[in-house]
Amino acid sequence: MMLYEQIGEEVRNYIDQLTKPRGSLGRLEELAIDIARMTGERFPSVTPPGVLVFAADHGIAEEGVSAYPQEVTAQMVLNFVRGGAAINVFSKQIGAAFAVVDVGVAVDIHEEGFINEKVAYGTNNFAHKQAMTKEEAERAVQAGYRQANAMIDRGIRCLIVGEMGIGNTTTASALLAAISGRKVAELVGKGTGVHDEALKRKRDVIERALAKHKPNASDAIDLLTKIGGFEIAAMAGAMIAAAERHIPILLDGFICTVAALIAERLDKRVVHYMIAGHRSQEPGHRIALELLHKEPLLDLRMRLGEGSGAAVSFPIVNMALAMLRMATFSSANVATGSDHHE
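Residues numbered from 1 in each chain as written. Predicted model: local features only at pLDDT ≥ 70, side-chain atom pairs only at ≥ 80, totals over all residues. Heavy atoms only, no water.

Applying the stated criterion across every chain, the model contains one aromatic pair. Taking 5.5 Å as the distance between ring centres and 80° as the angle between the ring planes, the aromatic pair formed by Y14 and F43 counts as edge-to-face. Of this pair, Y14 sits in helix α1 (residues 5-15) while F43 sits in the loop between α2 (26-39) and β1 (49-56), and the two are 29 residues apart along the sequence. (Phe/Tyr/Trp six-rings, centres within 6.5 Å; stacked < 30°, edge-to-face > 60°. Helix = DSSP H or I, 4+ residues; strand = E, 2+ residues; numbered from the N terminus.)

The next thing to look at is the UniProt feature "active site" (unreviewed entry) in the protein. Annotation from UniProt places "active site" (unreviewed entry) at E306. Apart from the residues lying within four places of it in its own chain, the contact partners of E306 are V53, M76, F80, A85, A86, I87, G162, E163 and D252. There is a polar contact of 3.2 Å between the side chain of E306 and the backbone nitrogen of I87. (UniProt positions renumbered as here; feature names shortened; annotations may be inferred. Contact = heavy atoms within 4.5 Å. Polar contact = N/O pair within 3.5 Å; in protein donor to acceptor, adjacent residues only side chain to side chain.)

Turning next to helix α6 (residues 168-180). Helix length check: α6 (13 residues) gives 18 Å between terminal C-alpha atoms against 18 Å at 1.5 Å per residue, within 8%. With respect to burial, α6 is a largely interior element, 13 of its 13 residues being buried. (Expected span 1.5 Å × (residues − 1). Buried < 20%, exposed > 50% of the residue type's maximum accessible area, 1.4 Å probe, protein only.)

Right, let's get into the state of the cysteines. One pass over the structure, following the stated rule, counts zero disulfides. Considering cysteine sulfurs only, C256 is the nearest to C158, which forms no disulfide, with 11 Å between them. (Disulfide = S-S within 2.5 Å.)

The subject of this paragraph is the domain arrangement of the protein. By domain assignment, the protein separates into domain 1 (5-44 + 323-332) and domain 2 (49-316). Relative to domain 2, the C-alpha centre of domain 1 lies at a distance of 33 Å. At the interface, seven residues of domain 1 touch eleven residues of domain 2. Around 760 Å² of area is buried between domain 1 and domain 2 when both sides are counted, 64% of it from carbon and sulfur atoms. Considering only the side of domain 1, the residues that lose the most area to domain 2 are R27, L31 and M38, jointly responsible for 72% of the buried surface there. Counting across the domain 1 and domain 2 interface gives one salt bridge. (Domains from an automatic or database assignment. Buried area = accessible area lost by both parts, 1.4 Å probe. Salt bridge = Lys/Arg side-chain N within 4 Å of Asp/Glu carboxyl O.)

The linkage connecting T47 with the following residue, P48, adopts the cis geometry, with an omega of 0°. Turning to its location among the elements, P48 is positioned in the loop between α2 and β1. Notably, H246 is not glycine yet its phi reads approximately 60°, a positive angle. The topology assignment puts H246 in the loop between α10 (230-244) and β5 (249-251).

What follows is about the nonpolar core. Note on soluble globular proteins: their nonpolar side chains tend to be buried together. Counting residues in hydrophobic clusters, the biggest one holds 122 residues, and the most contacted among them are L52, L159, M239 and M274. Tallying contributions element by element places α10 first for this core, with twelve residues. Three or more residues apiece are contributed to this core by two domains, here domain 1 (5-44 + 323-332) and domain 2 (49-316). Beyond its immediate stretch of four places on either side in the chain, M239 contacts V161, I249, L251, C256, A259, A260, A263, V270 and M274. (Core = buried A, V, L, I, M, F, W, Y, C linked by side-chain atoms within 4.5 Å.)

Bringing the environment of V317 into the picture now. Positionally, V317 belongs in helix α13 (residues 308-322). Judged by its relative accessible area of 1%, V317 is buried. Remark: the alpha-carbon pair of V317 and L25, spanning 292 residues in sequence, is separated by 13 Å.

What follows concerns the sheet that holds strand β2 (residues 97-104). Taken together, the six strands give an open sheet; going across it, the order is β3-β2-β1-β4-β5-β6, and neighbouring strands pair in parallel fashion. Of all the strands in the sheet, just β3 (115-116) and β6 (274-276) have a single pairing partner and so form its edges. For β2 and β3, the ladder comprises two bridges, and the chain directions are parallel. Counted as the bridge partner of D102 is N116 from β3. (Pairing = 2+ DSSP bridges.)

This is the structure we're talking about:
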């Protein structure tokens, strides 16, 4: 999982020879250098990208923390399979390989076109008991790891992980509160659009659960076992697989970024392979990004999940690498400016 620092430096020097004022393409230049360091390639490619959506249910939904009923998780898996969700449309637009994986939906899904890695029929309600067993947490991480590797074996060059699970902003908020030590009120937003009374209930439920379970902020498996979600665990596992194989990870929104914090607790080096696609409207997302020391590429006031924000930001990443195909000053017979003389 080591970065290719020398190749990053070579690409930095090469970018300074391109026919433009030094540094004038801003973050696009930094992106190209970062991806060269991740991949070990002087002219890296992120196409085709791959989108892996993990779906699971959350026992905490019993507490009335979501604007949608739990059966929407399974209904949305069918929508993904049939190509009708935002992430399907965006994946097609960017030419991405696409797969949806059931790691813990509360019912059996009777339709082809998804991958069955079901660990259990949803998590327990962590307001009353631990979300899952330690073994289930590890199995969910492994499922994500396995599915990302399978997609990389099929030739993807950039990984986008998405999620679907009614109640998962509550789970992600609980995890972030435990990891960050910040007040729950600072982190918890309206998710898919709950009203004020449900928002208060969501905050109360999280505070009670943290007091009850006292998860260890630095232990990924303890966090997942006590207050986690199967799809969050799987996303973390997928990120580790990508990092091990020098595949850039394009992060989506709040839940994905909390999964990235879980992945970091499983292996610190994974963070070096992450690019923050966008900043979502969930208040906790800004804090999660700060903890990862990531600056997002976009802020389009999105709050959907599914991997949608990452997919929308993908063309910018692609554009950064297209920049490397510019002419150099010497090849184009263009005189350099004073910014090119030390």
